[in-house]
Amino acid sequence: MSASLPPLREVIARHGLSASKALGQNFLFDEQLLDRIAAIPGTLKGETVFEVGPGPGGLTRALLRAGADVIAVERDHRCIPALAELADAYPGQLRVIEGDAMEVDIADLTGGKPYHIVANLPYNVGTALLTDWLSAEVWPPAWRSLTLMFQLEVAERIVAKPDSSAFGRLAILAQWRSEAKIAMKVHRSAFTPPPKVMSAVVHITPASAPEGIRPKTMAALTAAAFGQRRKMLRQSLKGLPGALDALAKVGIDETRRAETLSVADFIAVAGEMERGR
Ligand code: SAM
């Protein structure tokens with residue numbers, strides 16, 4: 001632990017890191033809050049953490065304090081010198097890569113070792129990356145957990161249960177072979193500058209995958225089912241080969257709407273589609 005680190009606000013002033021709206025920058029400074037976020041994945045001593053969007057490094061500091069080996073990808077080149085100072089303060093524990101998280105190869109960076117992913121990201125980038133991480137062909141994936149800040153409304157969609165307006169593709173994707181929960185709500189005033197909406201940290205861990213279902217089949221089924229969420233399944237699944245037959249075989253009434261089906265129902269239908277191929 002390096003007690004000699006200057007306060008984050010000073011680092012920001014010295015490196016001229018005014019928050020950029022275009023990069024979705026809302027920084028966290030409260031050390032206690034950051035330590036609580038870094039504790040969500042469980043003990044990190046000696047574990048590899050892939051952090052996306054470290055910015056000036058508040059969350060990165062908390063991860064380093066927890067003893068993690070951190071690989072951090074940041075797109076904003078202005079932040080790189082500030083992060084380099086942090087790497088100097090924790091020798092051998094932090095590697096910083098300037099780049100776009102959507103383009104880097106995590107397996108390559110982590111050398112094939114298992115890792116945790118932690119990020120406080122702009123919400124559009126976060127949702128795209130989450131979808132990607134949850135769509136891995138091989139399951140369980142190389143990541144052991146995802147600890148991700150989202151705007152509260154998106155977090156609620158990720159953990160949503162059937163028969164709610166938040167229940168849709170994101171919920172199925174996050175729940176058909178993972179456990180997803182809201183670990184912490186974060187008030188907008190915790191950020192600098194404060195965003196318009198509340199946030200929440202979602203924690204996701206891989207669970208066992210139902211056998212024989214390819215992620216692309218589940219993706220196609222949920223895209224069709226929720227593409228026209230107000231319509232009956234009879235209508236919304238019409239264009240997806242094998243889906244209506246599978247629905248009948250599983251015994252689900254085709255006059256129901258997608259949001260009334262459970263995650264287990266989606267698994268049953270996707271499994272039947274795979275068997276019917
Ligand atoms: N982690 C810091 C914190 O909690 O205070 C910063 C959070 S700020 C909401 C999001 C960070 O992600 C910014 O530093 C931004 O530059 C970075 N970022 C945005 N898009 C990115 C991308 N595609 N790849 C890597 N970093 C990105």
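Small disclaimer: the values here were computed from a predicted structure and weren't measured. (Residues numbered from 1 in each chain as written. Predicted model: local features only at pLDDT ≥ 70, side-chain atom pairs only at ≥ 80, totals over all residues. Heavy atoms only, no water.)

> Before we go on, may I ask you to explain the sheet that holds strand β5 (residues 115-120) in this structure?
Sheet strands pair via backbone hydrogen bonds, and the direction of the pair is either parallel or antiparallel. If you walk across this open sheet you meet the seven strands as β4-β3-β2-β5-β6-β9-β7, and the pairing is mixed. The open sheet has two free edges, formed respectively by β4 (94-98) and β7 (178-186), since each of these has just one partner strand. Averaged over all adjacent pairs, the angle separating strand axes in this sheet is 20 degrees, with direction ignored. Note: strand β2 (residues 48-52) against β5, four bridges, orientation parallel. Its bridge partner lying in β5, phenylalanine 50 is registered against isoleucine 117. Sheet contacts for helix α3 (residues 58-65): β2, β3 (69-74), β4 and β5; angle to β2, the most-contacted strand, approximately 175 degrees. Lying over the sheet, helix α6 (residues 123-134) contacts β2, β5, β6 (143-151), β7 and β9 (199-206), oriented at roughly 155 degrees with respect to β6. (Pairing = 2+ DSSP bridges. Helix = DSSP H or I, 4+ residues; strand = E, 2+ residues; numbered from the N terminus. Axes fitted to C-alpha atoms, helices over the stretch in contact; angles between N-to-C directions. Contact = heavy atoms within 4.5 Å.)

> Before we go on, may I ask you to explain the side chain of aspartate 76 in this structure?
Locating aspartate 76 in the fold gives a position in the loop between β3 and α4 (80-89). Engagement of the side chain of aspartate 76 in a polar contact is seen with the side chain of glutamine 25, the distance being 2.9 Å. The residues contacting aspartate 76, other than those within four sequence positions of it, are Leu23 and Gln25. (Polar contact = N/O pair within 3.5 Å; in protein donor to acceptor, adjacent residues only side chain to side chain.)

> What am I meant to see in the site of the ligand here?
Every one of the 21 residues lining the ligand counts as a neighbour, but Leu28, Gly53, Glu74, Asp100 and Asn120 are closest to it. Glutamate 74 is positioned such that a nitrogen or oxygen atom in its side chain is 2.6 Å from an oxygen atom of the ligand. Those elements that provide at least two residues to the shell around the ligand are β1 (27-28) and β3. Counted by class, the shell around the ligand contains nine nonpolar, seven polar and five charged residues. (Near = heavy atom within 4 Å. Nonpolar A, V, L, I, M, F, W, Y, C, P; charged D, E, K, R; others polar.)

> Would you take a moment to explain the domain arrangement of the protein chain for this structure?
Think of interface size as the accessible area that goes away when the parts come together; that is how it is often given. For the protein chain, the assigned domains are domain 1 (8-206) and domain 2 (215-275). Domain 1 and domain 2 are separated by 32 Å when their C-alpha centres are compared. Listed as interface residues are 14 residues of domain 1 and, on the opposing side, 14 residues of domain 2. Interface area for domain 1 against domain 2, summed over the two sides, is near 1100 Å², with a carbon-plus-sulfur share of 71%. (Domains from an automatic or database assignment. Buried area = accessible area lost by both parts, 1.4 Å probe.)

> So what exactly am I meant to see when it comes to the pattern of salt bridges here?
One side chain can pair with another of opposite charge once the charged atoms of both are near each other. Inspection of every chain in the model, using the stated rule, returns 12 salt bridges. Residue aspartate 265 is joined to arginine 256 by a salt bridge in which the shortest nitrogen-to-oxygen separation is 3.9 Å. What you see here is one network of salt bridges that share partners, running through Glu31, Asp35 and Arg65. (Salt bridge = Lys/Arg side-chain N within 4 Å of Asp/Glu carboxyl O.)

> Teacher, can you tell me more about the pairing of β5 here?
Where a strand is regular, its side chains alternate between the two sheet faces. Among the six residues that make up β5, five are buried, leaving the element largely enclosed by the rest of the structure. Relative to β6, β5 runs parallel, the two being bridged by six bridges. Residue pairing across strands places isoleucine 117 opposite leucine 146, the latter belonging to β6. Crossover handedness for the path β5 to α6 to β6: right-handed. (Buried < 20%, exposed > 50% of the residue type's maximum accessible area, 1.4 Å probe, protein only. Right-handed = clockwise from strand over helix to strand, strands pointing away.)

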